[in-house]
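# Structural description and commentary
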Amino acid sequence: MLQYLVILLDDTSVAYCHADNPLKERCLMPIETLKKGILFGMKHNLMIQYVFPDHALPDEYVSVIESIDNVKIYPMGCKPVTGIGVESEADVEVANSISNKVAAKNLVLRLTFSEMLKQKDNIAKLFASGARINLCITDMEQFTDEQIEVYRNLLEEWNGALLNLYKQGQSPQFNLLTDRMVLDKMHNCEAGVSNITLAPNGKFYLCPAFYYDEQMKVDNQLNHHQPTSDYSVGDLEKFLDIPNQQLLKLDHAPLCRVCDAYQCRRCIWLNRKLTWDHNTPSHQQCVMAHIERNASRDLLNEIRKMGDFMPEIQIKEIHYLDPFDVRKEF
Amino acid sequence: MKKLVGQVTPEEKNEIQQLFERKNGLNELAKILNADNTELYEKLVKDMGETGTKFQNWWDRMAQKYQWESEENGKWEINFDTNEIFLIV
Amino acid sequence: MSTLINIKENQDAWQSGMAKNITFIVTKDCQLACKYCYLVGKNVKERMPWEVAKTFIDYVLDHENDSEFAMESVIWEFIGGEPFLEIELIDKICDYIKMELFRRNHHWFNSYRFSFSTNGINYHEKAVQDFIKKNRDHLSIGITIDGTEKKHDMNRVWKQPVADDNGLTKPSERGSYKDVVKNIPLWLEQFPGGGTKVTISSADIPYITESVLHLYSLGIHEVNINVVFEDVWQDGDDLKFEEQLMQLADAIIDGGYYQDYACSFFSEHIGKPQDPVLDNQNWCGAGKMLSVDAAGNLYPCTRFAQYSLRDKEAWIIGNIHDGIDKNKLRPFLTLDRTTQSPQKCIECEVASGCAWCQGENYDAAHTHTVFQRATAICLMHKARVRANNYYWNKLYRKLELEDLREQYEANKREVKPEIC
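Quick caveat: nothing in here was measured; it's all calculated off a predicted structure.

## Details of the overall build of chain B
Broken down by element type, chain B carries two helices and three strands. When the helices and strands of chain B are read in sequence order from the N terminus, they spell out β-α-α-β-β. Relative to the globule expectation of 12 Å for 89 residues, the C-alpha radius of gyration of chain B, 16 Å, shows a markedly less compact shape. Along the longest, intermediate and shortest principal axes, the C-alpha atoms of chain B span 45 × 30 × 20 Å. A buried classification covers 36% of the 89 residues belonging to chain B. Of the contacts formed within chain B by residues at least 6 apart in sequence, a portion of 61% connects residues at least 24 apart. Total accessible area computed for chain B in this model is approximately 5500 Å², and 47% of it derives from carbon and sulfur atoms. Computed over 12 positive and 17 negative side-chain charges, the inter-centroid distance for chain B is 1 Å.

So, in structure tokens, the structure goes:
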């Protein structure tokens, strides 16, 4: 069921997930489109999440933006000043590099795998900031099996830092390691299922990444016999039309529906890019999510040595990293 | 005349089927290999001898084990689908 | 009781379920331009160079220990267009495979076949016959003949002599029946159990009965017959189809053909509900197979090559130089029946035996997916089930009256689930 409407206020609105935003030219969502988008959200009971660019918006947008309860996603250092409304606890700051100052309660840190390794100590320092840290690896598709041990060791190191904070009575939140400890079912991105994106052109997309691909005329990564770079799934006039929407849902993903790496993003854009089917995760996504899952299990076990902690959560020991390797074959 | 005289186990069938397939493969390979290709040719000749021996040994072993009915000038034949042994006269 | 009752069934494929299918698309050319052919991009230009074939074979054999190539047996399949147009290349490929399997002590040396589906036109030619003699014990060859001359020539026509500027070929008015039927006796002499594939499209329905009986009269004991998966069916076709199949059922039973001749339309195992959990296997083997084309691109099945697709792009899973991108195989290897089926199929009371083609599913899908089952044959399957029920009810009654039913039940063989 749809719950969230993500509104990209500008073509250069900040990228906050796996896909980089390659669009460099400003193209503001027309104010009438914005108003219609908000109306759509209101009529469908959707929580609106505005995604801001790194420049200020014209004054007339402010009152429109604040005409509805919302969450703001904005680039680091560019906190929108509206002068109206209440700052939401859920507002999200997005950074592409490490900063010591975290203004929001939620920080999305977008890094490549190698940057993440280089910055591991600085990242660990953020755990104590009180903010929820969402680390998003922007080049997951490059991850190789040779890096499994490296990633495992990194998470083990971070587990140590997190454990120290727990010992001090704090409750750090770091998506890669602490989310799984509190989840008893899948909690994924759910693009096209629980959330949908409205782009400045007034069209709906499964998520911002599909809008970027369309604007960049990215074909389907096949052999380009025919252009298929229209990725929209409806517009404000015709409303939503998501073909094969069932394939975006968990019960139509044969690998994911029996998986317990509940913290996995299950990024359908990456699925599409790497396996060509929205409902099938890549080897990279599965392996990384399972390394995280197993490290969460270790952390949970360590925390439990100090006393009761989330007794209802079970993370059992498993001996595979890719559920594809142990899939049920008929 | 074709008469059912016994049956072997699936494992025994697999053994003779594999030898049968190998024998056929070697025979067809022999049609395209000549002595100029010394290394492969010698390997082939050796293998044909070994496979032929193993093939005969299987029939001797099974005949001993199951004591199938036989006749002078008759021969046994196996059905790979059913594992049945027939006497052909 | 003196008579031993036998009801001939269609044969399982060699090493069914235990063999890796590896297909060479040796040419996209064919002498014919059949009107129902799903190969929409046939052309005279794309012929496989020897170097591509050799590099591919080396790639496959170098990866003997990879899970994709660990199967006990292998079927090296050659398709086109018409594969025998490239008999010299095929001969060279097969010789190389045999030598390399032996030289490398590859486990497939003990279990391989070369398989062909041909239009039969140049079957008698010396090069083809020499090849057959040389590889006799490892060959499986099927000749496609569609039935009576009228039925065959409705669709299986020669192509026009001149291709267009893109090398694409077009149908002529000249049927190919006479050119094929002359080679049937030679083929049956060499492959006595040989079966033929018959394809049924909308216009063919009235000729089904006479065509199957005609094929029996030619000495072909096994007729594998399918309706096309594409959305070509007209209103009322299902009822006409049912009527034809009932006529065929009468002819087979009354004429006693069921003892020595098989027709794949009739099977005891179709038309039952399927359990969403226990009967959840995919029908199609796409992804477990591997195909290579003249450019050296690899596909999960030939149906995913561009010349087979109307509306979608080729689903290339790698190439002979870089190998298989295993991510691209994951959707195929995780496919199950229920995930790709609409609710009406999951709840269908006569679901078993209803087939699909993953390539057609992909081509007809609303999005870029192999998880959307095309259901254009729904009414045709239901019609087949009704006629099939009639067939078995009538046959059982006949056997009962002849006091042969119990013997048949006691001796009938177990049938493995059919897959494409």
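The discussion continues.
## Some details on the interface of chain C and chain A
Between chain C and chain A, the residue contacts involve 27 residues of the former and 31 residues of the latter. Counting each side, the surface lost to burial between chain C and chain A is near 2500 Å², with a carbon and sulfur contribution of 53%. Where chain C touches chain A, the interface holds two salt bridges. For C:D336, the salt bridge identified is with A:R257, shortest N-O distance 2.7 Å. One can count 13 residue pairs in polar contact (both at pLDDT 80 or more) joining chain C with chain A. If you tally residues by element for the side of chain C that touches chain A, the top one is helix α9 (residues 326–333) of chain C, at five residues. Here the residues of the side of chain C that touches chain A are counted per class, giving nine nonpolar, eleven polar and seven charged.

## Details of the arrangement of the chains
There are two pairs of chains in contact here, and the one with the most contacts is chains A and C. Note that chain A does not reach chain B: the shortest distance linking a C-alpha of one to a C-alpha of the other is 23 Å.

## Structural notes on the interface of chain B and chain C
Contacts between the two partners involve 15 residues from chain B, matched on the other side by 18 residues from chain C. Buried surface at the junction of chain B and chain C, both sides included, amounts to about 1600 Å², of which 56% is carbon and sulfur. It is B:E21, B:E28 and B:I32 in chain B that bury the most area against chain C; as a group they hold 37% of the surface buried on that side. In this structure, the salt-bridge partner of C:R113 is B:E21, at a minimum N-O distance of 2.8 Å. Taken together, the links from chain B to chain C amount to eight residue pairs in polar contact (both at pLDDT 80 or more). At the level of elements, α1 (10–30) and α2 (38–66) of chain B are the ones that each hand at least two residues to the side of chain B that touches chain C. Broken down by element, the residue count for the side of chain B that touches chain C peaks at eight residues, all from α1(B). Along the lines of polarity and charge, the residues of the side of chain B that touches chain C split into six nonpolar, three polar and six charged.

## Quick word on the side chain of B:N24
With respect to the helices and strands, the residue B:N24 is situated in helix α1. In this structure, B:N24 is in contact with C:D137 and C:H138, ignoring residues within four places of it in sequence.

## Describing the packing of helix α2 (residues 87–103) of chain C against helix α3 (residues 126–134) of chain C
Residues and elements named next belong to chain C. The N-to-C vectors of α2 and α3 enclose an angle of 15°; their axes lie 10 Å apart at closest approach. Our classification of the angle between α2 and α3 gives roughly parallel. The way α2 lies across α3 gives a crossing that is left-handed. Each of I87, I90, D91, C94, D95 and K98 in α2 lies in contact with α3, whose residues at this interface are A127, V128, F131 and K134. Among the residues forming the contact of α2 with α3, the class breakdown is six nonpolar, no polar and four charged.

## A few points about the environment of A:K167
Along the chain, the position of A:K167 falls in helix α5 (residues 148–167). Once the C-alpha coordinates of A:K167 and A:D184 are considered, the two residues, 17 residues apart in sequence, prove to be 24 Å apart.

## Considering the confidence of the model for chain C
Residue and element names in this part refer to chain C. Predicted confidence across chain C gives a mean pLDDT of 91, with 95% of residues reaching 70 or more. Taken element by element, the predicted model of chain C shows its lowest mean pLDDT in helix α14 (residues 405–411) (80) and its highest in helix α1 (residues 50–62) (98). Under the prediction, the complex receives an ipTM of 0.92, its pTM being 0.91.

## Focus: the sheet that holds strand β2 (residues 73–79) of chain C
Pairing between the strands of a sheet is mediated by backbone hydrogen bonds and can be parallel or antiparallel. Residue and element names in this part refer to chain C. Here we have eight strands laid out as an open sheet, ordered β4-β3-β2-β1-β10-β11-β12-β13, and mixed in their pairing. The open sheet terminates on both sides in strands that have one partner only, identified here as β4 (139–143) and β13 (323–324). Where strand β1 (residues 19–25) meets strand β10 (residues 290–292), three bridges bridge the pair, whose relative direction is parallel. Bridge assignment links F24 to a residue of β10, and that residue is V292. Packing against the sheet, α2 makes contact with β1, β2 and β3 (112–118), and its axis sits at approximately 165° to β3.

## Quick look at the packing of aromatic side chains
Residue and element names in this part refer to chain C. In this structure the tally under the stated criterion is 45 aromatic pairs over all chains. Each ring, one from F304 and one from F332, has its centre 5.1 Å from the other, and the planes form 90°; the classification is edge-to-face. In this pair, F304 is assigned in the loop between β11 (297–299) and β12 (318–319) and F332 in helix α9, connecting sequence segments 28 residues apart. Given the relative accessible area of 0%, F304 is considered buried. Ring geometry for Y391 versus W392: centroids 5.1 Å apart, planes at 85°, classification edge-to-face. Accessibility assignment for this pair places Y391 and W392 in one class, buried. Taking NZ or CZ as reference, K312 lies 5.6 Å from the ring centre of Y362, over its face.

## Some points on the pattern of salt bridges
Residues and elements named next belong to chain C. Tallied over the full model, the rule gives 51 salt bridges over all chains. As a salt-bridge pair, R104 and D58 come within 3.6 Å of each other at their nearest N and O atoms. Within this pair, whereas R104 is found in the loop between α2 and β3, its partner D58 is found in helix α1, the two being separated by 46 residues in sequence. Owing to a relative accessible area of 24%, R104 belongs among the partly exposed residues under this scheme. A salt bridge links R310 to D363; its shortest N-O distance comes to 3.7 Å. Taken as a pair, R310 in the loop between β11 and β12 and D363 in helix α12 (residues 358–364) lie far apart in primary sequence, 53 residues in all. Looking at R310, the relative accessible area reads 39%, which means it is partly exposed. The exposure class assigned to D363 is buried, which follows from its relative accessible area of 2%. Among the charged side chains, a salt-bridge network with shared partners connects K54, D58, D62, E100, R103 and R104.

## Focus: unusual backbone geometry
With omega at 15°, the peptide bond leading from C:G80 into C:G81 counts as cis. Its place among the elements puts C:G81 in the loop between β2 and α2. Even without being glycine, A:W276 reaches a positive phi, approximately 70°. Relative to the helices and strands, A:W276 resides in the loop between α8 (268–274) and α9 (283–304). Residue A:W276 is classed as buried on the basis of its relative accessible area of 4%. Even without glycine at this site, A:M310 takes up a positive phi of about 40°. Looking at the element boundaries, A:M310 is found in the segment after α9.

## Re the side chain of C:T338
Residue and element names in this part refer to chain C. Among the structural elements, T338 can be located in helix α10 (residues 337–340). According to the relative accessible area criterion, T338 is buried, its value standing at 14%. The residues touching T338, leaving out its near neighbours within four places in the chain, are P276, N280 and I346.

## Focus on α9(C)
The α-helix winds at 3.6 residues per turn, so residues separated by three or four positions along the chain end up facing the same way. Burial runs high along α9(C): six of the eight residues are buried. For α9(C), every residue scored as buried is listed here: C:N327, C:K328, C:L329, C:R330, C:P331 and C:F332. Buried-residue contacts for α9(C) involve α8 and α9 of chain A together with β13 of chain C. Of the residues that open α9(C), the one with a side-chain oxygen 3.1 Å from the backbone nitrogen of C:N327 is C:D325.

Criteria and cut-off values
Residues numbered from 1 in each chain as written. Chains lettered and ligands numbered in written order. Predicted model: local features only at pLDDT ≥ 70, side-chain atom pairs only at ≥ 80, totals over all residues. Heavy atoms only, no water. Helix = DSSP H or I, 4+ residues; strand = E, 2+ residues; numbered from the N terminus. Rg over C-alpha atoms; globule rule 2.2 N^0.38 Å. Buried < 20%, exposed > 50% of the residue type's maximum accessible area, 1.4 Å probe, protein only. Contact = heavy atoms within 4.5 Å. Areas by Shrake-Rupley, 256 points an atom, 1.4 Å probe, with all protein chains shown as cover. Lys, Arg positive; Asp, Glu negative; His and termini not counted. Charge placed at Lys NZ, Arg CZ, Asp CG, Glu CD. Buried area = accessible area lost by both parts, 1.4 Å probe. Salt bridge = Lys/Arg side-chain N within 4 Å of Asp/Glu carboxyl O. Polar contact = N/O pair within 3.5 Å; in protein donor to acceptor, adjacent residues only side chain to side chain. Nonpolar A, V, L, I, M, F, W, Y, C, P; charged D, E, K, R; others polar. Axes fitted to C-alpha atoms, helices over the stretch in contact; angles between N-to-C directions. Parallel < 35°, antiparallel > 145°, perpendicular 65-115°, else oblique. Left-handed = near helix turned anticlockwise from the far one by under 90°. pLDDT = per-residue confidence, 0-100. Pairing = 2+ DSSP bridges. Phe/Tyr/Trp six-rings, centres within 6.5 Å; stacked < 30°, edge-to-face > 60°. Lys NZ or Arg CZ within 6 Å of the ring centre and 35° of its normal.

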